[in-house]
Structure formats: structure tokens, C-alpha cells
Amino acid sequence: MAAVVSSLSPGDTGKPFTAVSRASAMVSHDWQMLGAQYEWAEIHGVTRGLPHGYFADLLGRAAAAGEQLGLAFAALRDGEVWRDARVDDASESRRSMAGRAMAEASGLWAVSAGHAAVNVVARVVRIHSGAAGLDKKLRWTGLPVPFDAGRTANLSLNVETVKHLKQAALRTGESALVDLVVPLEGLTSNSAWTALLARRDAGYHRLRPQSVQGGVPSANPWAADQTVGALTLSASTFSTYLPPLLEDVVDETAAGFEALVSAMRIILERLPEALRAAGVPIWRTP
């Protein structure tokens, strides 16, 4: 691979910012900046009976989500540069492999940002005493212990977890807490996001298709021959395997990323009112 990809950058061409890309970058920035307020938030949290470190942990997760979103943003832009690059035939394999690598890296960081976001939302909802029923569903023993690295304390973004959060928020009777969960509900059912997850799963722990033509197929090469009642394997001088198109992979990642950005933008807008509804007003609300 090192012989094919000597660098993951096609040069110094870069990619100019547009109004859309600036807006996406600001979502990352604004989530990261929440971390700068953790000391102020800690004081509010402790005076209202929350465990010491609860808001440092919560806003630390929010800041981490913002940084991961920013990494996904940067990697996607690099993937788009490779997608749009014009190379000679001898460099096509390098273009395909490098561009796909950056697009898939973007997807990995996007999924990580989604996991961080659902942990932020869950910790806000759980502050409300009416959401205590969430403990049984998530195997918690009360308010999550700040900075707990255990598996049950760190949620994954999926349909089941979001369903439990939505139900708990509804039981509080606070519409602001329900509204905080709704963007995640929409994200987990978004076709662009689920496609990004499927691509991530293939690369993470399944059979990832190779990026070069002539590679090993991603499906069993043996086929049933009904005429003889046996399996047959066709052999040829050249492999018929075709890799995923770089354009498709990058465009798929971009769509999933934008779905995540949209959800995180709405969550951020609704966070002050949700905290007020949970009983810990950290920021002023309109």
C-alpha cells in the first residue's frame, strides 16, 4: 500500500470554503466551545445537587463531539479533493485508494461524534428526576458517574438507545427535553446516515471491498449450477472485480455527514432550554 499511496494529499490545491462548508465548520466550533464553560457549569450543577464533575464530564463530551465533527469535516474535504482531482491512468489506483481512505476516515469520525452527542443528550435528560426510569433501560444505577470509562456508562447512537431516551423525556412532561432527543431520532432513521453506518461497519469489522480493480470479490465466487446439481467456480485470466467508485463513496459520506451536522446544530440550539427544563439553567434562553 505504501508503494501506491506515498501521500494522502494530492498536492497544495486545497478546497475553498463555501457558505455551506463554513456553516458546517461553525457547528463543530460551537460544540467545542461548550467545553470552555465547564467550570461555570460545574458550580451550577453542584449547587443543584448533581455529582461533582457531572457537568465537567457532560461538557467535555460535548467538546469532544465538536472536535470529532471537525475531524470528519476535514477528512471529507480531503476526500472531495481526491474525488475532483484529474490524474493519469497510472495514478488512478492511488487516487481511488487515497480518496476512499479519507472519505471512510470521515465516516469513522462522524460516527464517533454521533456517539458523543447521544451521551450528552442522555446526561441532560437524566438530570430530571422524572427520567429515573431510564436507569433500568440503560443498566445505569442512577445518575451516570462522571468520567466513568465503563461500557454501560458510554452509550452508542442507535435506534434502541434513542427510543429509550425519547420515552424517558416524555415521562418528564417537559417538551424541551423531548425536543432535545428528536434530532437524534431523525438521524438514526435517516437513510444517508444509515448508509454511512453500513460503510463504516464494512470497514470496521466486516469484509471491506478492495479499492483496486482485479481484487478479491466481496461475495462468494462459487455459484450453484442447477443442471449438474453442484457448485461451480469460473476462472479467467483477468478478475472481473470492480472496486467501489470513489465518487459514490465520497458523496455517500458527504450526505451522512450533513445529516449529522443538521442534527447536532438543532441539539445545540435546544440545549439551553433543555437544561432549564431539567432544573439546571446554565445559560439564558430566549
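Residues numbered from 1 in each chain as written. Predicted model: local features only at pLDDT ≥ 70, side-chain atom pairs only at ≥ 80, totals over all residues. Heavy atoms only, no water.

Turning our attention to the packing of helix α8 (residues 191-205) against helix α9 (residues 246-278). The description of two packed helices rests on the angle between their axes and on the distance between the axes. In the contact formed by α8 and α9, the axes pass within 8 Å of each other and the chain directions differ by 125°. Comparing their axes, α9 and α8 come out oblique. For the element pair α8 and α9, the recorded crossing hand is left-handed. Touching Ala-192, Trp-193, Ala-195, Leu-196 and Arg-199 of α8 are Val-249, Glu-252, Thr-253, Ala-255, Gly-256, Phe-257 and Leu-260, all from α9. Grouping the amino acids of the contact of α8 with α9 by side-chain chemistry returns eight nonpolar, two polar and two charged. (Axes fitted to C-alpha atoms, helices over the stretch in contact; angles between N-to-C directions. Helix = DSSP H or I, 4+ residues; strand = E, 2+ residues; numbered from the N terminus. Parallel < 35°, antiparallel > 145°, perpendicular 65-115°, else oblique. Left-handed = near helix turned anticlockwise from the far one by under 90°. Contact = heavy atoms within 4.5 Å. Nonpolar A, V, L, I, M, F, W, Y, C, P; charged D, E, K, R; others polar.)

Of all hydrophobic cores here, the largest spans 72 residues; its most connected members are Trp-31, Phe-55 and Trp-193. Those elements that provide at least two residues to this core are α1 (19-33), α3 (54-84), α4 (92-127), α5 (134-138), α6 (159-172), α7 (175-188), α8 and α9. If near-sequence neighbours (up to four positions away) are discounted, Trp-31 is found in contact with Ala-62, Ala-63, Ala-65, Gly-66, Ala-117, Val-120, Met-264, Ile-267 and Leu-268. (Core = buried A, V, L, I, M, F, W, Y, C linked by side-chain atoms within 4.5 Å. Buried < 20%, exposed > 50% of the residue type's maximum accessible area, 1.4 Å probe, protein only.)

Secondary-structure assignment places Thr-253 in helix α9. Side-chain polar atoms of Thr-253 contact the backbone oxygen of Ala-103, separated by 3.4 Å. Ignoring sequence-local partners within four residues, the contact set of Thr-253 consists of Leu-76, Ala-103, Ser-106, Gly-107 and Leu-196. (Polar contact = N/O pair within 3.5 Å; in protein donor to acceptor, adjacent residues only side chain to side chain.)

The next subject is the pattern of salt bridges. Throughout the structure, instances matching the rule amount to 12 salt bridges. The partner of Arg-126 in a salt bridge is Asp-135, and the shortest N-O contact between them spans 2.7 Å. Its relative accessible area of 8% is what places Arg-126 among the buried residues. Classification of Asp-135 by relative accessible area gives buried; the value is 12%. Between Arg-199 and Glu-252 there is a salt bridge; the shortest N-O distance is 2.7 Å. Separated by 53 residues along the polypeptide, Arg-199 in helix α8 and Glu-252 in helix α9 bring together distant segments of the chain. Taken together, the salt bridges that share partners define one network made up of Asp-57, Arg-61 and Arg-123. (Salt bridge = Lys/Arg side-chain N within 4 Å of Asp/Glu carboxyl O.)

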